[in-house]
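The chain contents come next:
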Protein chains: 2
Amino acid sequence: MLDESGSKISPRTISRLPVYWRYLKELDDFGIERISSRELAGRIGSTPSQLRQDLNQFGHFGQHGYGYPVEELLSSISQILGLNRTRKMIIVGMGNLGMAIASYENFGRRNIKLAALFDVDPERIGTVVSDVQIQHADEMPKFLEENQIDIGCVSTPPEVAQEAVTTMEHGGVLGIWNFAPVKLQTKLPVEHLHLGDSLLELLYRIGRREDK
Amino acid sequence: MLDESGSKISPRTISRLPVYWRYLKELDDFGIERISSRELAGRIGSTPSQLRQDLNQFGHFGQHGYGYPVEELLSSISQILGLNRTRKMIIVGMGNLGMAIASYENFGRRNIKLAALFDVDPERIGTVVSDVQIQHADEMPKFLEENQIDIGCVSTPPEVAQEAVTTMEHGGVLGIWNFAPVKLQTKLPVEHLHLGDSLLELLYRIGRREDK
DNA sequence: CAGCTTATGTTAATCTTATAACAAGGCTTG
DNA sequence: CAAGCCTTGTTATAAGATTAACATAAGCTG
């Protein structure tokens, strides 16, 4: 049984799916064929209850008294996450962070294809990163017209992030992966990842620790 | 009134504090002196109720019928986050991501000082990034013995992340900022940031969008 | 092949988080 | 300087998420 569409999936569950996927992939690579919720949860650092609760939002993947078949479950979660089809991504803003993202080796295994890179700095334009040449950002509208792009990654300075997103939205991009620390005005799904915020959270926890 | 220690602060609240800090800093830079929960929440994309609820976990910063004094509130939140004192950070793993983190311009305003960089690749060792020279990872224990380091940033391949963390923990580091996709065995507070997981979450949401 | 063991799917209870409502108190204005 | 208007702090309510419990069903063993 698979993915009972219609029912709302909890956001918390969704954010754990990629973790499940990673661990299952590792198990599968090791040739392990089955796993119990207890053991998988143990590795992940979660609880059996939560794991089962999460999975059962999408269907029944396990077998009573046996556990979960790794390969099958991995395949199901891959499908739920949408990994069965290739997605094209572009990156705008090829500073240090943009470079790092473009060089990220793990896109392949997640079925993500780097389609284009954009920047405004003349010194960067023409540079080739991960087999893709950086173009001027002015070329983006035309590029988007000629190519169906799924993911727009924003690693520009915050001042120009909104502009980039607007261009992407008009160009038919389906979702935004945002590294710029600004609230974006768009109807597209946005996944936000901000280094500074994450670091401050750690800072707070370090401070609290010292108090005790 | 400030920071009623003892009461437990909700994790969700904590993760929003850095956002509040950013927006307040922006307001303060613009010379704005006061702001209401309604307006601030509007900018952030939150609700007035949640904002007040969050702030009141730490104390009473506002004034009835007036709102919040920006400079004072900013100062309070800075103190709560622990931004009043400088923290030293080291980075282990100077691949593309490590380079990007080391080059991150916003550490200064968060009172973070880059103290050292480590890698094992002979080609990288000796390179200077953000005024700091990359050393061999073998030097880390000695370095930690001679310097009190607060934050250990891990941007190594996953296979060696645990080893790096163990070394850091023994060396007296207070918290781990982890970019490697592995569960770390440590008693230190860990702040986890994984690009791949974030991207998969976006992928899922894009897929769900298309269904409708 | 029958009974036992095991680990699921699911329901129930607890705990956490978010939204809404409202009384209290300070600013502002005429 | 007093009355009214805001906007907070706080309490109450609702929604959401996690943990716990248990009945059910499949594999395994003797």
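Please refer to the structure placed before this passage.
Note that the structure is predicted; figures quoted are calculated from it, not measured. (Residues numbered from 1 in each chain as written. Chains lettered and ligands numbered in written order. Predicted model: local features only at pLDDT ≥ 70, side-chain atom pairs only at ≥ 80, totals over all residues. Heavy atoms only, no water.)

(A) Quick look at the protein's contact with DNA strand C. Surveying the vicinity of DNA strand C reveals 28 residues, the closest of which are S37, H64 and Y68 of chain A together with S49 and Q53 of chain B. Of all atoms in DNA strand C that approach within 4 Å of the protein, 61% are sugar or phosphate atoms. Here G65 of chain A contributes a backbone N or O atom positioned 3.5 Å from a sugar or linking oxygen of DNA strand C. R12 of chain B is positioned with one of its side-chain polar atoms (N or O) 3.1 Å from a phosphate oxygen of DNA strand C. Where the surface near DNA strand C is concerned, the elements lending two or more residues are helix 2 (37–44) and helix 3 (48–55) of chain A together with helix 1 (11–29) and helix 3 (48–55) of chain B. In terms of residue class, the surface near DNA strand C is built from 4 nonpolar, 18 polar and 6 charged. (Near = heavy atom within 4 Å. Polar contact = N/O pair within 3.5 Å; in protein donor to acceptor, adjacent residues only side chain to side chain. Helix = DSSP H or I, 4+ residues; strand = E, 2+ residues; numbered from the N terminus. Nonpolar A, V, L, I, M, F, W, Y, C, P; charged D, E, K, R; others polar.)

(B) Summary view of the interface of chain A and chain B. Tallying the contact residues gives 64 residues for chain A and 64 residues for chain B. A buried area of about 5800 Å², summed over both sides, lies between chain A and chain B, and 62% of it is on carbon and sulfur atoms. Counting every contact that joins chain A to chain B gives 4 salt bridges. Across the pair E191 of chain A and R205 of chain B runs a salt bridge, and its minimum N-O distance is 3.0 Å. Inspection of the chain A/chain B interface yields 12 residue pairs in polar contact (both at pLDDT 80 or more). Of all the secondary-structure elements, those providing two or more residues to the side of chain A that touches chain B are helix 1 (11–29), helix 2, helix 4 (70–81), helix 5 (96–102), strand 8 (175–178), strand 9 (190–192) and helix 8 (195–211) of chain A. When residues in the side of chain A that touches chain B are grouped by element, the largest group, 16 residues, is from helix 8 of chain A. Of the residues contributing to the side of chain A that touches chain B, the split by class is 35 nonpolar, 11 polar and 18 charged. (Contact = heavy atoms within 4.5 Å. Buried area = accessible area lost by both parts, 1.4 Å probe. Salt bridge = Lys/Arg side-chain N within 4 Å of Asp/Glu carboxyl O.)

(C) Up close: the relation of the copies chain A and chain B. Note on the copies: chain A fits chain B at an RMSD of 0.0 Å, the axial shift is 0.0 Å, and the rotation between them is 180°. The superposition operator between the copies reduces to a two-fold rotation axis. In terms of proximity to the rotation axis, the leading residue of chain A is A100 of chain A, whose C-alpha is 3.2 Å off the axis. A shared binding surface is used by both copies, with 98% of the interface residues of chain A retained as interface residues in chain B. (Least-squares fit on C-alpha atoms with pLDDT ≥ 70 in both.)

(D) Local environment of the pattern of salt bridges. All names here are of chain A. According to the stated counting rule, one finds 14 salt bridges over all chains in the structure shown. D119 is the partner of R124 in a salt bridge, and the nearest nitrogen-oxygen pair spans 2.9 Å. On the basis of relative accessible area, R124 is assigned to the partly exposed category, the value being 29%. Since its relative accessible area comes to 7%, D119 is described here as buried. Several salt bridges share partner residues, and in doing so they unite D119, D121 and R124 into one network. (Buried < 20%, exposed > 50% of the residue type's maximum accessible area, 1.4 Å probe, protein only.)

(E) Spatial organisation of helix 4 (residues 70–81) of chain B. For helix 4 of chain B, which comprises 12 residues, the first-to-last C-alpha distance of 16 Å matches the rise-based estimate of 16 Å (1.5 Å per residue) to within 8%. Remark: G82 of chain B follows helix 4 of chain B within two positions and exhibits a positive phi of approximately 85°. (Expected span 1.5 Å × (residues − 1).)

(F) Summary view of the nonpolar core. Core analysis: the biggest nonpolar cluster contains 104 residues, and M89 and W177 of chain A together with M89 and W177 of chain B have the highest contact counts within it. With near-sequence residues (within four places) excluded, M89 of chain A lies in contact with I101, F107, I112, K113, L114, A115, A116, I149, I151, C153 and W177 of chain A. (Core = buried A, V, L, I, M, F, W, Y, C linked by side-chain atoms within 4.5 Å.)

(G) Quick peek at the side chain of D150 of chain B. Structurally, D150 of chain B can be placed in the loop between helix 6 (140–146) and strand 7 (151–154). The exposure class of D150 of chain B is buried, given its relative accessible area of 4%. In terms of polar contacts, D150 of chain B uses its side chain to reach the backbone amide nitrogen of K88 of chain B, at 2.8 Å. Excluding residues within four positions of it along the chain, D150 of chain B makes contact with I206 of chain A together with R85, T86, R87, K88, V173, L174 and G175 of chain B.

(H) Examining the protein's contact with DNA strand D more closely. Taken together, 26 residues sit near DNA strand D, with S49 and Q53 of chain A together with S37, H64 and Y68 of chain B positioned nearest. Each atom of DNA strand D within 4 Å of the protein was assigned to sugar, phosphate or base; sugar and phosphate come to 62%. Take Q63 of chain A: an N or O atom from its side chain is 3.4 Å from a phosphate oxygen of DNA strand D. The side chain of H64 of chain B places a nitrogen or oxygen atom 2.9 Å from a base oxygen of DNA strand D. Per-element accounting of the surface near DNA strand D gives the leading share, 4 residues, to helix 3 of chain A.

(I) How the structure looks around the sheet that holds strand 4 (residues 112–119) of chain B. Residues and elements named next belong to chain B. Reading across from one edge, 5-6-4-3-7-8-9 is the order of the 7 strands in this open sheet, with mixed pairing throughout. Both edges of this open sheet fall to strand 5 (128–129) and strand 9 (190–192), since each of them pairs with a single strand only. In the sheet, strand 5 pairs with strand 6 (residues 132–136) via 2 bridges, with the strands oriented antiparallel. In the strand pairing of strand 6, V129 is matched with V132. Across the sheet, helix 7 (residues 158–170) lies against strand 3 (87–92), strand 7 and strand 8 (175–178), angled at about 170° from strand 7, the strand it touches most. (Pairing = 2+ DSSP bridges. Axes fitted to C-alpha atoms, helices over the stretch in contact; angles between N-to-C directions.)

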